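Notes for the structure review
Now for the letters of each chain:
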Amino acid sequence: MNLKQQFKEGLLTKNPVLVQLLGMCSTMAITTSLFNGIGMGLSVTIILICSNVLISALRKVIPNQIRIAAYIVIIAGFVTIVDLCLQAFLPDLSESLGVFIPLIVVNCIILGRAEAFASKNGVVASALDGLFQGIGYTVALIIMCVVREFLGSGTFGGGILNGGEGIRILPEGVPAMLMVMPVGGFLTLGCLIAGAQWLVKYLDKKEKAKEAAK
Amino acid sequence: MAEPIKQMKNPKYFYELTISSSPHAHSPVTTQVIMRDVLIALLPALIGSVCFFGFRALMVTLVSAAACVFFEWGYRKIMKKDSTVYDLSAVVTGVLLAYVCPVTIPYWMIIIGDFFAIVLVKQLFGGIGKNFVNPALAARAFLFSWPVVMSTWVKPGFENAAGIFSTADAVTAATPLAAMHAGSLEGVSLLELMVGNVGGCLGETSAVLLLIGGAYLVIRKVITPRIPLAFIGTVAVIGLLFPQGNDRITWMLASVCSGGVMLGAIFMATDYVTSPITKAGQIIFGIGCGVITMVIRYFGAYNEGVSYAILVMNACVVLLDKVGRPRKFGAPKKEAAKK
Amino acid sequence: MKKESTFAYVLRLTVTLLLITAITAGALAWINSITEDRIAAEKARKTAEALSAVLPGGGEEVDIPAVDVGVPVNRLYKGENGYAVEVAPSGFGGTITMMVGVDLEGNILGVSVVSHTETAGLGAVAGDKTSKGEAFRGQYVGQSGELAVSKDGGVIDSISGATITSRAVTDGVNAALALVANMG
């Protein structure tokens with residue numbers, strides 16, 4: 001596995017949100033302010049790296065028949081650890097992400113990567129896979145957050161900047177409230193997926209042209 | 001009829017082939033003719049609206065129609081597709097969207113609605129004939145992003161009217177629907193309700209003028225009266241059976257004439273693209289719209305349910321098209337029943 | 001590879017899963033022991049904050065009298081100057097948990113929303129820290145008796161576009177007033 005390839009897959013061509021369409025529940029629900037997106041993205045990335053490493057290390061020990069049960073126990077363990085730490089050290093983030101942190105247990109990205117990658121590859125490769133997939137997830141979430149927050153609340157950086165209120169770009173009364181509601185999540189995600197597909201095709205074409213030139 | 005195959009790449013050799021089985025009957029009825037008829041049918045309501053709400057009503061309608069045409073043209077241009085501006089469907093969408101908004105809506109807001117209707121709801125799904133919900137109603141639902149604007153109603157009458165450029169001096173009032181939602185119809189006579197001299201969306205208030213337009217469409221055979229009758233009939237029956245206030249007959253008439261029932265039933269539920277083809281399907285579609293409308297009015301937090309009722313039923317059209325499909329010529333009855 | 005007997009195979013499955021579960025549980029217990037105190041302290045701080053916002057000087061939690069006030073009452077605090085009641089009326093999107101401070105004469109000292117699930121931008125204003133939210137909650141201060149929103153003929157101006165939420169908050173305030181009136 002080469003590093004560049006893995007990075008590109010995580011970020012774009014096999015992006016967990018935009019291409020694999022995994023973890024939709026949290027993607028729709030929490031992407032309403034920048035703070036949420038970064039917090040959720042980092043939490044998932046940390047859990048993904050930890051669970052990938054552990055599952056990859058144990059891949060020869062865990063018998064095939066009970067692998068799903070074992071994976072879920074490991075993932076649930078890490079999720080609970082992150083949940084407890086957030087509650088203790090970042091209570092504001094924990095409150096605004098609410099039930100979606102415990103729900104990472106059933107986030108398909110984690111189990112999906114465990115099953116598709118970590119159970120077949122070495123520890124280092126799995127850790128990198130976790131990192132890159134996590135980055136891909138985080139980037140997708142942040143884009144969704146920025147777009148939805150801008151259109152729906154008219155602010156940038158809600159939850160972090162300007163004492164938590166965010167920097168106001170559009171005046172009160174102009175932003176479309178529906179964009180921070182679930183409807184807006186679907187609309188934004190749809191447009192984002194279309195954009196990602198276009199980009200994948202565009203890069204593909206460029207690469208082919210390059211090869212042909214050679 | 002099959003799609004005409006166009007070879008536009010080299011205009012020098014431009015020709016158009018239509019591949020379909022016989023009979024090759026030619027009909028003068030094109031999309032453009034149908035849409036023109038719909039626009040003519042919408043005209044009385046617009047004139048009424050100007051009388052009730054002032055010239056801003058006309059301006060909002062014109063801006064909305066122009067914006068829709070612009071977005072339709074712009075999208076097709078950017079995507080390098082044939083222009084469909086001349087079929088007038090974008091104009092109809094623009095006018096209908098204006099009709100379901102309050103007259104005080106800011107122009108920039110209705111332009112956002114037009115963008116949503118034309119680009120997101122209609123063109124992204126493939127343009128005319130491919131959208132699965134009514135663009136104007138979907139845009140209205142989106143415009144509820146600004147709930148305060150979308151539920152501010154001016155009092156009818158020229159002296160209360162909102163200015164063309166500013167809405168500051170408009171006198172607002174509760175609509176008959178709000179009164180009915182609160183308990184019973186008060187302060188407005190049934191006659192006023194039918195004429196449309198009441199508060200409400202720009203083009204929905206006048207039952208009589210909308211019915212005139214509907215009659216024109218039926219005579220011109222643009223629509224069949226099936227869906228409107230089923231829709232309005234259901235609303236009337238539910239109003240008659242379960243009145244919430246007043247006496248039964250008043251409540252029934254008020255239910256039918258208030259809000260968007262007439263506009264929705266005649267002009268929106270009958271949209272070719274988003275309503276069923278089969279007779280049985282159309283009747284179920286109309287009844288469904290009526291039931292959902294009344295359920296939202298009776299039990300919902302918001303006092304009007306016509307737009308959501310039609311949107312929900314739009315989503316069911318795929319299934320309703322399977323109901324009452326005619327038997328294939330020559331096919332045995334049993335097999336047809338099985339299918 | 002040597003063929004494994006069924007017994008050994010089942011044993012291997014069981015022991016592996018048991019070990020994984022046991023180790024995970026152990027790790028969790030350890031993390032829990034570290035974070036437990038901090039989480040408890042954080043919760044206590046939040047409650048104290050909400051309490052002092054509506055009841056200057058804070059108060060002690062006391063038993064809730066068995067009176068039906070129409071709205072669920074979660075907690076009751078007694079302070080020097082009056083009471084703070086945590087009530088949970090039903091709003092538009094679910095339960096609104098709110099703290100209402102009432103002085104000994106039955107006047108409202110303050111209202112604060114602890115948690116809610118109202119619509120963002122509309123009902124959520126009731127719990128906002130923005131000027132709009134402050135203005136809405138501020139209306140209750142100093143009021144007494146039976147309150148109602150202006151749409152129902154009362155003095156409370158509802159949040160625009162969120163009559164249901166405003167009614168719910170008013171219900172909660174009324175319940176708190178009724179409960180305190182009952183305490184004497």
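Residues numbered from 1 in each chain as written. Chains lettered and ligands numbered in written order. Predicted model: local features only at pLDDT ≥ 70, side-chain atom pairs only at ≥ 80, totals over all residues. Heavy atoms only, no water.

**Remarks on the overall build of chain C**
Within chain C, the secondary structure is distributed over three helices and five strands. Listing every helix and strand of chain C by position from the N terminus yields α-β-β-β-β-β-α-α. Its C-alpha atoms give chain C a radius of gyration of 24 Å, clearly above 16 Å, the size a compact globule of 184 residues would have. A principal-axis box enclosing the C-alpha atoms of chain C has dimensions of 85 × 40 × 30 Å. Of all 184 residues assigned to chain C, the portion counted as buried reaches 38%. Long-range contacts, defined here as pairs at least 24 residues apart, represent 44% of the contacts in chain C between residues at least 6 apart. As displayed, chain C has an accessible area near 9,900 Å², and 57% of this comes from carbon and sulfur atoms. Between the mean site of the 14 positive side-chain charges and the mean site of the 20 negative ones, chain C shows a separation of 15 Å. (Helix = DSSP H or I, 4+ residues; strand = E, 2+ residues; numbered from the N terminus. Rg over C-alpha atoms; globule rule 2.2 N^0.38 Å. Buried < 20%, exposed > 50% of the residue type's maximum accessible area, 1.4 Å probe, protein only. Contact = heavy atoms within 4.5 Å. Areas by Shrake-Rupley, 256 points an atom, 1.4 Å probe, with all protein chains shown as cover. Lys, Arg positive; Asp, Glu negative; His and termini not counted. Charge placed at Lys NZ, Arg CZ, Asp CG, Glu CD.)

**Observations regarding the environment of Q123(B)**
All names here are of chain B. Residue position: Q123 is located in the loop between α4 (107-122) and α5 (135-143). When its relative accessible area of 1% is taken as the criterion, Q123 is described as buried. In this structure the C-alpha to C-alpha distance between Q123 and Y75, which are 48 residues apart in sequence, comes to 7.6 Å. Those residues within four positions of Q123 in sequence are excluded, and the remaining contacts are E72, Y75, R76, T84 and I118.

**Looking at empty space enclosed by the protein**
Leftover empty space is mapped by rolling, across the atoms, a probe with the size of a water molecule. All names here are of chain B. Taken as a whole and judged by the stated rule, the model has two cavities of 30 Å³ or more. Volume-wise, the largest cavity comes out at about 160 Å³. The wall of the largest cavity is formed by 18 residues, among which T175, L177, G200, E204 and G259 lie closest to the centre. Tallied by class, residues from the lining of the largest cavity come to eight nonpolar, seven polar and three charged. In terms of lining, the second largest cavity is formed by V100, L137, R140, E204, G260, G264, M268, E304, V306 and S307. When residues of the lining of the second largest cavity are traced back to their parent elements, those giving at least two are α5, α12 (261-268) and α14 (306-320). Its residues assigned to classes, the lining of the second largest cavity comprises four nonpolar, three polar and three charged. (1 Å grid on protein atoms, 1.4 Å probe; cavity = no way out; pocket = protein on both sides within 12 Å on 5 of 7 lines; lining within 4 Å. Points joined across faces, edges and corners; volume = space filled by probe spheres on them. Nonpolar A, V, L, I, M, F, W, Y, C, P; charged D, E, K, R; others polar.)

**Structural notes on the packing of helix α1 (residues 3-13) of chain A against helix α8 (residues 182-213) of chain A**
When two helices pack together, their arrangement is given by the angle between the helix axes and the distance between those axes. Residue and element names in this part refer to chain A. Running from N to C, α1 and α8 point in directions that differ by 140°, and their axes come no closer than 11 Å. Considering their axes alone, α1 and α8 lie oblique with respect to each other. Where α1 abuts α8, its residues K8, L12 and T13 lie against A196, L199, V200, L203 and E207. A class-by-class count of the residues in the contact of α1 with α8 yields five nonpolar, one polar and two charged. (Axes fitted to C-alpha atoms, helices over the stretch in contact; angles between N-to-C directions. Parallel < 35°, antiparallel > 145°, perpendicular 65-115°, else oblique.)

**Some details on the interface of chain C and chain A**
Across the contact, 21 residues belong to chain C and 24 residues belong to chain A. Overall, the association of chain C and chain A removes approximately 2,000 Å² of surface from exposure, summing both partners, and the carbon and sulfur fraction of that is 75%. At the junction of chain C and chain A, the tally comes to zero salt bridges. For the interface between chain C and chain A, the tally reads two residue pairs in polar contact (both at pLDDT 80 or more). Ranked by residue count, the leading element in the side of chain C that touches chain A is helix α1 (residues 6-54) of chain C, at 16 residues. Considered class by class, the residues forming the side of chain C that touches chain A number nine nonpolar, seven polar and five charged. (Buried area = accessible area lost by both parts, 1.4 Å probe. Salt bridge = Lys/Arg side-chain N within 4 Å of Asp/Glu carboxyl O. Polar contact = N/O pair within 3.5 Å; in protein donor to acceptor, adjacent residues only side chain to side chain.)

**With respect to the sheet that holds strand β2 (residues 73-78) of chain C**
Each strand in a sheet pairs with its neighbour through backbone hydrogen bonds, running either in the same direction (parallel) or in the opposite one (antiparallel). Residue and element names in this part refer to chain C. Strand order in the open sheet made by the five strands is β1-β2-β3-β4-β5, with antiparallel pairing throughout. A single partner strand is all that each edge strand has here, and the edge strands are β1 (60-62) and β5 (108-115). Between one strand axis and the next, the sheet turns by 25° as a mean value, whatever way the strands run. Packed on one face of the sheet, helix α3 (residues 163-183) meets β2, β3 (82-87), β4 (97-103) and β5 and runs near 45° to β4. (Pairing = 2+ DSSP bridges.)

**Observations regarding the packing of aromatic side chains**
Residues and elements named next belong to chain B. Scanning the model with the defined rule gives 13 aromatic pairs over all chains in all. Aromatic pair W251 and Y298: ring centres 6.5 Å apart, planes at 45°, arrangement tilted. Taken together, the positions of W251 in helix α11 (residues 248-257) and Y298 in helix α13 (residues 279-299) put the pair 47 residues apart, joining distant regions of the chain. You'll find W251 and Y298 in the same group, each marked buried. The ring of Y107 has R56 sitting right over it, with the charged end atom 4.6 Å from the ring centre. (Phe/Tyr/Trp six-rings, centres within 6.5 Å; stacked < 30°, edge-to-face > 60°. Lys NZ or Arg CZ within 6 Å of the ring centre and 35° of its normal.)

**Concerning helix α1 (residues 31-53) of chain B**
All names here are of chain B. Its 23 residues place the ends of α1 32 Å apart at the C-alpha level, agreeing with the 33 Å of an ideal helix rising 1.5 Å per residue. The principal kink in α1, of about 30°, is found at L43, preceding the proline P44 by one to four residues. Phi turns positive, to about 90°, at G54, one or two residues after α1. (Expected span 1.5 Å × (residues − 1). Bend = angle between axes of the 7 residues up to and from the residue.)

**Some remarks on the confidence of the model for chain C**
Mean pLDDT over chain C stands at 85; residues scoring 70 or higher make up 97%. Overall fold confidence for the complex sits at a pTM of 0.81, while the interface term, ipTM, reaches 0.84. (pLDDT = per-residue confidence, 0-100.)

**Here we look at α11(B)**
All names here are of chain B. In terms of burial, α11 is a largely internal element, seven of the ten residues being buried. The complete set of buried residues in α11 reads T250, W251, M252, A254, S255, V256 and C257. Packing partners of the buried residues in α11 comprise α7 (176-182), α8 (190-195), α9 (207-219), α10 (226-241), α12 and α13. Following α11 by one or two positions, G259 adopts a phi angle in the positive range, close to 65°.

**Re the pairing of β5(C)**
Residues and elements named next belong to chain C. Where β4 and β5 come together, six bridges link them in antiparallel fashion. Considered in β5, the bridge of G101 is made with G110. Hairpin geometry of β4 and β5 is characterised by an intervening segment of four residues between the two adjacent antiparallel strands and by a positive phi of about 85° at G106.

**Quick look at the side chain of T138(A)**
Residues and elements named next belong to chain A. Tracing the backbone shows T138 in helix α7 (residues 123-153). With a relative accessible area of 10%, T138 lands in the buried category. Within polar-contact distance, the side chain of T138 engages the backbone oxygen of G41 at 3.3 Å.

**A word on the packing of α1(B) against α9(B)**
Residue and element names in this part refer to chain B. Following both chains from N to C, one finds α1 and α9 inclined at 165°, their axes separated by 8 Å at the closest point. Accordingly, the angle class assigned to the pair α1 and α9 is roughly antiparallel. In this structure, α1 meets α9 at a crossing whose hand is right-handed. Residues D37, V38, I40, A41, P44, A45 and G48 of α1 pack against L209, L210, I212, G213, Y216 and L217 of α9. Classifying every residue of the contact of α1 with α9 gives ten nonpolar, two polar and one charged. (Left-handed = near helix turned anticlockwise from the far one by under 90°.)

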